[in-house]
Amino acid sequence: MARRRYRHEWESVAFIDADFIGGWGAFDGYSGPMEFEGLEPSEADCQHDRERDVLSVFYSGQADGKPALRRTNIILERLPQTFGGARVHFRAPCCGRRIRKLALLPEGVVCGRCGSITHRSRRKSGLQRLIHKADVLAGQLGCATWFAPPTERPKHMRRERFMRLAEQHAELVRQANVMLGPRLARAARRGVAAHLGAMLRAGM
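What you see is a predicted model; the values in this text were computed from it and never measured. (Residues numbered from 1 in each chain as written. Predicted model: local features only at pLDDT ≥ 70, side-chain atom pairs only at ≥ 80, totals over all residues. Heavy atoms only, no water.)

A word on the overall build of the chain
And then number 1: A tally of regular secondary structure across the chain gives four helices and 11 strands.
And then number 2: Here the chain, with 204 residues, has 37% of them falling under the buried criterion.
And then number 3: Residue pairs at least 24 apart in sequence account for 40% of intrachain contacts in the chain once pairs closer than 6 positions are excluded.
And then number 4: A total of about 12900 Å² of accessible surface is found on the chain, and carbon and sulfur atoms cover 51% of it. (Helix = DSSP H or I, 4+ residues; strand = E, 2+ residues; numbered from the N terminus. Buried < 20%, exposed > 50% of the residue type's maximum accessible area, 1.4 Å probe, protein only. Contact = heavy atoms within 4.5 Å. Areas by Shrake-Rupley, 256 points an atom, 1.4 Å probe, with all protein chains shown as cover.)

Re the side chain of Lys101
And then number 1: Positionally, Lys101 belongs in strand 9 (residues 101–105).
And then number 2: One buried charge, Lys101, has no salt-bridge partner; the nearest side chain with opposite charge is Asp17, at 5.3 Å.
And then number 3: If sequence neighbours within four positions are ignored, Lys101 has contacts with Trp10, Phe15, Ile16, Asp17, Phe90, Cys111 and His119. (Lys, Arg positive; Asp, Glu negative; His and termini not counted. Salt bridge = Lys/Arg side-chain N within 4 Å of Asp/Glu carboxyl O.)

Remarks on the state of the cysteines
And then number 1: Going through the model one piece at a time under the given rule, you end up with zero disulfides.
And then number 2: Here Cys111 is not cross-linked by a disulfide; its sulfur's nearest cysteine counterpart is in Cys114, at 3.6 Å. (Disulfide = S-S within 2.5 Å.)

Topic: the pattern of salt bridges
And then number 1: Under the criterion given, the structure shown has seven salt bridges.
And then number 2: Notably, a salt bridge pairs Arg78 with Asp53, separated by 2.8 Å at the nearest N-O pair. Of this pair, Arg78 sits in strand 6 (residues 66–80) while Asp53 sits in the loop between strand 4 (44–49) and strand 5 (54–63), and the two are 25 residues apart along the sequence.
And then number 3: When salt bridges that share partners are traced, they join Asp19, Arg87 and Arg100 into one network.

Thoughts on the sheet that holds strand 10 (residues 108–110)
And then number 1: Ordered in space as 2-9-10, the three strands form an open sheet in which the pairing is antiparallel. Each of the sheet's edge strands pairs with one partner strand only, and the pair in question is strand 2 (15–17) and strand 10. Across the sheet, the mean angle separating the axes of adjacent strands is 20° when strand polarity is ignored.
And then number 2: Strand direction decides the pairing type here: strand 2 and strand 9, joined by three bridges, are antiparallel. Within strand 9, the residue paired with Phe15 across the bridge is Ala103. (Pairing = 2+ DSSP bridges. Axes fitted to C-alpha atoms, helices over the stretch in contact; angles between N-to-C directions.)

A word on the packing of aromatic side chains
And then number 1: Evaluated as defined, the whole model comprises two aromatic pairs.
And then number 2: Considering the side-chain rings of Phe27 and Phe90, the 6.1 Å spacing of their centres and the 75° angle between planes classify their relative orientation as edge-to-face. With Phe27 in the loop between helix 1 (18–22) and strand 3 (31–33) and Phe90 in strand 7 (residues 86–91), this residue pair connects regions lying 63 residues apart in the sequence. The pair formed by Phe27 and Phe90 is uniform in burial state, with each residue classed as buried.
And then number 3: Here the aromatic rings of Trp146 and Phe147 are separated by 5.3 Å at their centres, their planes lie at 85°, and the arrangement is edge-to-face.
And then number 4: Judged by its relative accessible area of 31%, Phe147 is partly exposed.
And then number 5: Across the ring face of Phe15, the terminal group of Lys101 is positioned such that the distance to the ring centre comes to 5.0 Å. (Phe/Tyr/Trp six-rings, centres within 6.5 Å; stacked < 30°, edge-to-face > 60°. Lys NZ or Arg CZ within 6 Å of the ring centre and 35° of its normal.)

Written out as structure tokens, the structure reads:
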């Protein structure tokens with residue numbers, strides 16, 4: 001099966017998230033400026049039609065390659081929750097799928113699948129993801145590098161949590177080293193420059 005090619009990343013496009021905008025009342029008759037996760041278009045507003053339960057989104061886009069004001073009507077679907085209330089979902093204008101997040105691209109409003117959008121972390125290799133996770137935990141534990149063990153417990157952290165995170169960090173470093181070892185060995189056989197380059201790419 002051919003690997004799917006993505007055109008965009010969620011981290012670099014403007015998008016609306018149902019949980020995020022629902023938290024400040026956009027689904028309760030609000031009309032006005034829209035708040036966004038990601039990059040914000042130069043002009044963005046929304047209007048909620050209570051009767052039809054439709055959210056209209058207005059933003060700067062493109063039409064025939066030229067700047068244009070876009071308007072998209074997004075049908076909302078409210079699903080009852082176990083402990084009361086309802087969670088709002090979007091009906092994607094592009095395909096009709098029930099979705100939580102929609103991208104506001106210059107050419108229109110689309111879901112991640114129709115817009116070929118992925119998260120940046122999914123483009124990383126298995127080793128890169130391990131190093132990233134280890135680096136996140138290292139930051140919480142106060143480690144000097146992603147692979148360095150913690151030297152002392154941060155003052156704000158409970159001992160139980162410190163021990164749990166330290167164990168998780170150590171396991172991630174172990175797994176990363178298992179994958180990294182053969183790569184460094186191959187690079188070392190190609191010379192000092194190649195070995196140093198491999199170490200730098202691994203953040204060592």
